[in-house]
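Residue strings, one per chain:
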Amino acid sequence: MSSTTVTPERSGFSVSEYIVCLNGIVWREALRFLHQRERFVSALVRPLVWLFIFAAGFRQVLGISIIPPYETYILYEVYIAPGLMAMIQLFNGMQSSLSMVYDREMGNMRTLLVSPLPRGYLLFCKLLAGTAVSLLQVYAFLLIAWFWDITPPTLGYLTVLPALVLSGLMLGALGMLISASIKQLENFAGVMNFVIFPMFFASSALYPLWRVQEGSPMLYYVCQCNPFTHAVELIRFALYGKMNWVSLAVVGGCTVVFMIGAILAYDPSRGLVRRGPGGGEA
């Protein structure tokens with residue numbers, strides 16, 4: 001009698017396979033970033049315009065008193081530097097979401113999402129890749145700002161890294177959640193204008209909240225409820241080797257909520273991305 005060998009079915013994936021998937025997605029995002037040099041330049045132009053032009057004009061009008069985490073009076077451009085760092089991550093998160101909308105229309109994202117790996121893990125890898133790109137942009141901005149006499153403590157360049165990672169994940173997850181509801185590339189710019197500018201201007205990126213409270217108590221509470229405000233404050237404190245625990249809790253909680261929302265939204269069985277007649281995702 002001949003004996004037949006039965007190979008057991010595999011359940012799940014090995015750690016090495018997850019790592020290969022992560023490397024592939026991050027490498028693809030890195031190559032796209034390298035081939036789109038104008039993306040890198042545009043990411044720096046926006047904050048540098050605020051730093052070199054607007055800050056020079058507002059320096060005398062918006063002098064900053066001694067507020068945490070600062071221990072002395074500071075110039076206006078020193079105050080807005082953390083907000084401009086967060087601005088880079090905000091625009092990068094939305095631009096990464098734009099690429100997801102484009103990939104979904106062109107078929108690349110559809111191919112990725114129907115792979116046997118867990119969908120949540122694939123989206124998380126995409127999120128990590130976008131955050132890594134934003135870190136390169138932020139540190140390039142810090143290098144240029146150093147020549148503009150914006151010099152935080154040397155250790156601050158290291159202590160701010162975890163805050164940048166967490167805020168980048170939160171803003172990227174928010175963009176990913178929004179991209180799930182956008183079916184056409186042409187609609188993306190209009191939707192982003194209703195997200196980026198209100199989040200940026202209704203925050204502590206450009207002015208301390210006590211000044212906002214003096215002018216409009218209602219706007220002050222809006223700024224307090226804005227997750228971007230807490231991302232800015234988390235970066236601001238971390239840049240000077242300090243911790244804002246409230247901002248850490250808000251940014252961490254929003255990251256989890258936005259990521260879960262994005263995973264559910266990209267689930268064809270229950271989310272915002274529905275299956276088309278051909279079995280693919282519409």
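Residues numbered from 1 in each chain as written. Predicted model: local features only at pLDDT ≥ 70, side-chain atom pairs only at ≥ 80, totals over all residues. Heavy atoms only, no water.

**Student:** Account for a nonpolar patch on the surface, with residues named and values stated.
**Tutor:** A contiguous nonpolar patch, built from V41, V45, V49, I53, F54 and F58 and spanning about 480 Å² of accessible area, is present on the exposed surface. Looking at the secondary structure, you find F54 in helix α2 (residues 37-58). (Patch = residues over 30% accessible without salt bridge, like charges linked within 9 Å, V, L, I, M, F, W, Y side chains within 5 Å. Areas by Shrake-Rupley, 256 points an atom, 1.4 Å probe, with all protein chains shown as cover. Salt bridge = Lys/Arg side-chain N within 4 Å of Asp/Glu carboxyl O. Helix = DSSP H or I, 4+ residues; strand = E, 2+ residues; numbered from the N terminus.)

**Student:** So, the UniProt feature "transmembrane region" (unreviewed entry) in the chain: which residues are in play, and what are the values?
**Tutor:** Summarizing the sequence annotation, UniProt attributes the feature "transmembrane region" (unreviewed entry) to residues 43-67, 79-102, 123-148, 154-178, 190-210 and 245-266 in the numbering used throughout. Helix makes up 95% of residues 245-266 and strand 0%, and the two end C-alpha atoms of the span are 32 Å apart. (UniProt positions renumbered as here; feature names shortened; annotations may be inferred.)

**Student:** Lay out the state of the cysteines with the relevant residues and their values.
**Tutor:** Going through the model one piece at a time under the given rule, you end up with 0 disulfides. Residue C223 stays outside any disulfide, its sulfur separated by 9.4 Å from that of C225, the closest cysteine. (Disulfide = S-S within 2.5 Å.)

**Student:** Give a detailed account of the pattern of salt bridges, specifying residues and quantitative values.
**Tutor:** Applying the stated rule across the entire model yields 2 salt bridges. Among the salt bridges present, the one from E71 reaches K242, with a minimum N-O distance of 3.4 Å. Linking E71 in the loop between α2 and α3 (76-106) with K242 in the loop between α11 (227-239) and α12 (245-265), this pair joins segments that are 171 residues apart in sequence. Note on E71: relative accessible area 68%, which makes it exposed. One salt bridge in this structure joins R236 and E233, with 3.2 Å as the shortest N-O distance. With R236 and E233 both in helix α11 and 3 residues apart, this pair spans about one turn of that helix. Residue class for R236 comes out buried when judged on its relative accessible area of 1%. For E233, a relative accessible area of 14% translates into the label buried. (Buried < 20%, exposed > 50% of the residue type's maximum accessible area, 1.4 Å probe, protein only.)

**Student:** So what's going on with the nonpolar core? Residues and values would help.
**Tutor:** If you look at the biggest cluster of nonpolar residues, it comprises 64 residues, and the most contacted ones within it are M85, L90, F141, F200 and F228. Going through the elements one at a time, α2, α3, α5 (119-146), α6 (156-179), α8 (196-201), α11 and α12 are the ones with two or more residues in this core. With 14 residues, α3 is the single largest residue contributor to this core. When neighbours within four sequence positions are excluded, F141 is seen to be in contact with L44, P47, L48, L51, A81, L84, M85 and I88. (Core = buried A, V, L, I, M, F, W, Y, C linked by side-chain atoms within 4.5 Å. Contact = heavy atoms within 4.5 Å.)

**Student:** Mind laying out α12, listing which residues take part and the relevant values?
**Tutor:** Helix length check: α12, at 21 residues, gives a terminal C-alpha distance of 30 Å against a target of 30 Å (1.5 Å per residue), a fit within 8%. Listed as buried for α12 are S247, V251, C254, T255, F258, M259, G261, A262 and A265. Projected onto a plane normal to the axis of α12, the buried residues spread over an arc of 160° and lie on a single side. The exposed set on the far side of α12, more than 90 degrees from its buried face, consists of W245, V246, A249 and V257. (Expected span 1.5 Å × (residues − 1). Arc of directions from axis to C-beta.)

**Student:** Lay out the side chain of T229 with the relevant residues and their values.
**Tutor:** On the secondary structure map, T229 appears in helix α11. Of the residues examined, T229 reaches a relative accessible area of 2% and is grouped as buried. The contact partners of T229, leaving out residues within four places of it in the chain, are A202, S203, S204, L209 and C223.

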